[in-house]
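The chain contents come next:
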Amino acid sequence: MNDLEAYRSTHMVGMQVSENLSSVLRVAGPVRDAGLHSPLRATEVNRRSGIARSTLRAITNPKEGSAPNPDLHTLVRLAEVLNLPAAFLLMSQNDWLSIIQAINGIRDPHAAAEKLVNNDGTAPPKLLEKVLSECGLHPDRPPAGGYENRTELARMNARNEWRVRMCNIYTALFDKGGSDRTSKVLLTALIASYINITTPHDPANQKD
Amino acid sequence: MIISDKDLAEVILDADNEDLGILIDMITDSGKGRMSLTSSVCTQLTNAKSTNIYDEVTRALIAEELSRFGGNSLANFLRGGEGVSYKEIAMDVAKRVKAPFNSQHDCLTIEAAIISKVMEKTLEKMTEEERKEFFSSVGQSYIPGSGPAAMAALLAILSKQGMFQLSSILANATATAFVGRGLFYSSAAVAPAAYTAFIGPIGWAITALWTAYDLSSPAYRVTVPCVIQIAYMRRKKLENPCIKCGTSLPNDAKFCTECGQAQNQHSTLKLTSDS
């Protein structure tokens, strides 16, 4: 990722935080009679989190052309006030839709994970890859017929490599040990499904 | 009726054994089984294929499994694995590949839209020379360098006048790509070269469908090839082309009214590139 792409990416996430926070603060106040929502006022946010009103304003009403860039401390304190995981303040609608799609596609990966995870909760190495393989989702294979298309073959190999890398990354992220078998099966299934639906069509050009 | 879905019943109940065998291979992943396919059903289907006995129960089972895979593909975590109608499956595939259709269309029309769209995608990936050869093999003339508008116009003509050709070519390539063998049936309505010469480009286009369009659910690995195969089977039944000269015949014709060829040899004809 070059500097411009990194800037654009940070800008997008910053704007997403602004939008999320603004939306949530509009309804996060005390519930009124008849169940009506009320806003959570900046003074209240300041009282509960110690975040200055000016800091909050800079996030919810950024200057034209700029995006907020709150530090981790600010993000975590705001999330705590709102009783939200901090990560949720960063998420876009597309992020949520991807998770929903992953849940919708969980059936086969769940069956595969059930088959592969042992009764004592242990599992073979490269579990995520094996789950995807059991479901016929990895690796992509060239069609029969012997016709060579180097561009398509390169793209296919890139997708396979991308998937393997993501399996390694998600394993490191989630497999901290100690979870019970049921949780392990469900989490493995969900992540495998998520990796499947988020595999880009062309990893060399992830704008598509 | 043992198959309640009329759009499947009219195709599957009197389909040729070879065509049903390809459907079974698509559903069972050539007998290897699939995560969401019970082993008993897999065994029942593969036994039918190996004995070449496709009784009504087997045919109904093919329809039922296809309906179930369709249900699996249709955002169905909350549906509990119920099946869906074939028309819903076809509409879902058409919507995802962005083929133009509306819900009032019958399955024949929806399938044609899917076939055209997939061919369009395939043609985009071909070289100019390959496009010229392809159109020539189906009786059209394409001048390399004519551009996407000319290609789209030719494809529109072909879709209107030669949908049986298109669906045969696509079904053959799909079957080859996914189950390792092509159609068993050959008709003079389609030049042999058209069947075999484009298996490669079409195969690559089909395998790109999962991520080119929003078709990532494992169930689409079954429903998309099956929809293409069923589209071909429906067209074949509708047009019933003479196996020798390609003339469209009534379904119960025993001999061609044009060339006199006997017509009850579908299961014994084999697709060869030099026929």
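The notes below deal with the structure included here. (Residues numbered from 1 in each chain as written. Chains lettered and ligands numbered in written order. Predicted model: local features only at pLDDT ≥ 70, side-chain atom pairs only at ≥ 80, totals over all residues. Heavy atoms only, no water.)

### A look at the overall build of chain A
When you go through chain A residue by residue, the secondary structure sums to 9 helices and 0 strands. Its helices and strands taken in sequence order, chain A reads α-α-α-α-α-α-α-α-α from the N to the C terminus. Computed over C-alpha atoms, the radius of gyration of chain A comes to 22 Å, more than 25% over the 17 Å expected from 2.2 N^0.38 for 208 residues, which places it beyond the range of a compact globule. The principal-axis extent of the C-alpha atoms belonging to chain A is close to 65 × 45 × 30 Å. Each of the 208 residues in chain A was classed as buried or not, and the buried ones make up 36%. Excluding contacts between residues fewer than 6 apart, the proportion of contacts in chain A whose partners are at least 24 apart in sequence is 61%. Of the roughly 12500 Å² of accessible surface on chain A, 54% is carried by carbon and sulfur atoms. (Helix = DSSP H or I, 4+ residues; strand = E, 2+ residues; numbered from the N terminus. Rg over C-alpha atoms; globule rule 2.2 N^0.38 Å. Buried < 20%, exposed > 50% of the residue type's maximum accessible area, 1.4 Å probe, protein only. Contact = heavy atoms within 4.5 Å. Areas by Shrake-Rupley, 256 points an atom, 1.4 Å probe, with all protein chains shown as cover.)

### A closer look at the interface of chain B and chain A
In this assembly, 26 residues from chain B lie in contact with 30 residues from chain A. Counting the surface lost from both chain B and chain A, the interface buries some 2400 Å², and carbon and sulfur atoms represent 58% of this. Counting across the interface, chain B meets chain A through 1 salt bridge. In this structure, the salt-bridge partner of B:Lys125 is A:Glu152, at a minimum N-O distance of 3.4 Å. Across the chain B-chain A interface, the total number found is 3 residue pairs in polar contact (both at pLDDT 80 or more). Mapped onto the side of chain B that touches chain A, the elements with two or more residues apiece are helix H9 (163-179) and helix H11 (199-212) of chain B. Ranked by residue count, the leading element in the side of chain B that touches chain A is H11(B), at 9 residues. Of the residues belonging to the side of chain B that touches chain A, the class tally is 10 nonpolar, 12 polar and 4 charged. (Buried area = accessible area lost by both parts, 1.4 Å probe. Salt bridge = Lys/Arg side-chain N within 4 Å of Asp/Glu carboxyl O. Polar contact = N/O pair within 3.5 Å; in protein donor to acceptor, adjacent residues only side chain to side chain. Nonpolar A, V, L, I, M, F, W, Y, C, P; charged D, E, K, R; others polar.)

### Let's talk about unusual backbone geometry
A cis amide bond links A:His138 to the next residue, A:Pro139, at an omega of -10°. Mapped onto the elements, A:Pro139 comes out in the loop between helix H7 (127-134) and helix H8 (150-174). The phi angle at B:Asp29 is positive, at roughly 55°, despite the residue not being glycine. Checked against the element boundaries, B:Asp29 lands in the loop between helix H2 (17-28) and helix H3 (39-51). A positive phi angle, near 60°, is found at B:Asn52, a position not held by glycine.

### Concerning a nonpolar patch on the surface
Together, A:Met12, A:Val13 and A:Leu90 give the surface a local cluster of nonpolar side chains, amounting to about 270 Å² of exposed area. The residue A:Met12 is located in helix H1 (residues 3-27) in this model. (Patch = residues over 30% accessible without salt bridge, like charges linked within 9 Å, V, L, I, M, F, W, Y side chains within 5 Å.)

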